[in-house]
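# Chains, contacts and geometry: an overview
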Amino acid sequence: MNRSSKAAAAALTAAGILAGGWAAAGPASAVDGAAPPPRERVLWGSVTIPPGRDGIVEASGLSGPALGFGSSLTLTAPSGARATGVPLTTAGYRGEVAPDGRTASYTATSVESPWQTGTFPFVLAVPADAVPGARLDGCVLRLADAEGAERASGGCQVTVGLPSPVLSRPESGVPLGYRPTASGTAYPGAQVTVSDQDGNEVCVDTAGADGAWRCAPGRDLPAGANRLQATATMNGVSASSEQIQISVGSSSAEASPVPAR
């Protein structure tokens with residue numbers, strides 16, 4: 001994978017897309033002697049968003065009675081995160097984000113049977129000081145009819161991810177010795193593993209307080225063309241760098257010792 005395609009994949013991963021589905025629930029209890037309207041529940045997956053980044057949560061596929069003009073779909077942001085956008089551009093819906101970022105919603109303005117087709121994206125922002133691997137609780141979704149009566153509810157799991165590490169050396173396209181030193185930056189405290197094109201471990205280091213890491217192979221790399229990639233791991237979450245193309249054995253240069261930070 002070249003740098004441009006890897007960057008596109010990284011952008012998609014950073015977006016943190018979450019697809020949700022809707023499924024029928026059991027009957028609700030009666031209120032004041034009358035059965036309430038049929039209800040459904042929302043089935044959610046999980047989404048991972050790095051600190052200081054935005055992620056998109058998408059709800060889709062409502063099954064059950066059609067809800068018409070004036071019905072609304074509302075997302076309550078999980079603890080520690082904020083709703084920042086409602087990017088749907090499909091005609092027939094009005095999006096709105098509360099000033100405090102606690103909720104965001106779509107309201108049906110013209111369609112006769114909304115929520116049963118298409119997807120409904122909500123943008124969530126995770127603060128820069130969030131701890132990678134942490135689960136942010138309290139993500140709630142509520143579907144209500146035009147009178148405000150709840151017709152479906154559910155939630156989603158938001159996990160704080162890791163920013164992608166940077167593999168800055170060795171430089172791509174430069175002839176290398178058999179044990180080239182790798183270095184770059186990553187989230188402070190994350191373990192960084194450099195792997196070759198076959199997934200074999202090349203070397204490992206832990207990012208320092210300044211995010212810098214550096215390591216060198218303990219054995220010679222195979223001669224010829226290869227690819228390197230760095231993967232950072234911390235608290236059960238991980239992220240990978242772009243791959244870089246290298247050529248090993250085209251130079252008589254030997255790897256220099258890894259200097260202490």
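For the structure itself, consult the block above.
Now for a quick tour of the structure. The shown structure was predicted, so the numbers you read here are calculated from the model rather than taken from an experiment.

Turning our eyes to something else, we now look at the overall build of the chain. Across its full length, the chain holds one helix and 20 strands. Counting only residues that meet the buried cut, the chain has 39% of its 261 residues in that class. Residue pairs in contact within the chain that sit at least 24 positions apart in sequence constitute 66% of those at least 6 positions apart. When the accessible area of the chain is evaluated, it comes to approximately 12700 Å², of which 51% is carbon and sulfur surface.

Another point: the packing of aromatic side chains. Scanning the model with the defined rule gives five aromatic pairs in all. Centre to centre, the rings of Tyr93 and Phe120 are 5.2 Å apart; their planes meet at 70°, and the pair counts as edge-to-face. Here Tyr93, found in strand 7 (residues 93-97), pairs with Phe120, found in strand 9 (residues 119-125); they are 27 residues apart in sequence, far enough to count as distant. We classify Phe120 as buried; its relative accessible area is 3%. A centroid spacing of 5.0 Å and a plane angle of 55° characterise the contact between Trp115 and Phe120, whose relative ring orientation is tilted. Grouping residues by exposure puts Trp115 and Phe120 together as buried. A network of ring pairs unites the aromatic residues Tyr93, Tyr106, Trp115, Phe120 and Phe122 as a single cluster.

Pairing is antiparallel across the open sheet formed by three strands, whose spatial order is 12-14-17. Single-partner strands in this sheet number two, and they are strand 12 (166-169) and strand 17 (212-215). Adjacent strand axes in the sheet meet at a mean angle of 30°, parallel and antiparallel pairs treated alike.

With that settled, the discussion passes to the environment of Gly208. Along the polypeptide, Gly208 turns up in the loop between strand 16 (201-206) and strand 17. Owing to a relative accessible area of 15%, Gly208 belongs among the buried residues under this scheme. Along the chain, Gly208 and Ala186 lie 22 residues apart, while their C-alpha atoms are 8.5 Å from each other.

It is worth spelling out the pairing of strand 18 (residues 224-234) at this point. By the bridge criterion, five bridges tie strand 15 (residues 191-195) to strand 18 in an arrangement that is antiparallel. The residue of strand 18 that forms the bridge with Ser195 is Gln229. As paired elements, strand 18 and strand 20 (residues 244-248) share five bridges and run antiparallel to each other. Each bridged residue has a counterpart across the sheet, and for Gly224 the counterpart in strand 20 is Val248. Judged from the four bridges that link them, strand 18 and strand 19 (residues 237-240) form a sheet pairing that is antiparallel.

So, how was this worked out
Residues numbered from 1 in each chain as written. Predicted model: local features only at pLDDT ≥ 70, side-chain atom pairs only at ≥ 80, totals over all residues. Heavy atoms only, no water. Helix = DSSP H or I, 4+ residues; strand = E, 2+ residues; numbered from the N terminus. Buried < 20%, exposed > 50% of the residue type's maximum accessible area, 1.4 Å probe, protein only. Contact = heavy atoms within 4.5 Å. Areas by Shrake-Rupley, 256 points an atom, 1.4 Å probe, with all protein chains shown as cover. Phe/Tyr/Trp six-rings, centres within 6.5 Å; stacked < 30°, edge-to-face > 60°. Pairing = 2+ DSSP bridges. Axes fitted to C-alpha atoms, helices over the stretch in contact; angles between N-to-C directions.

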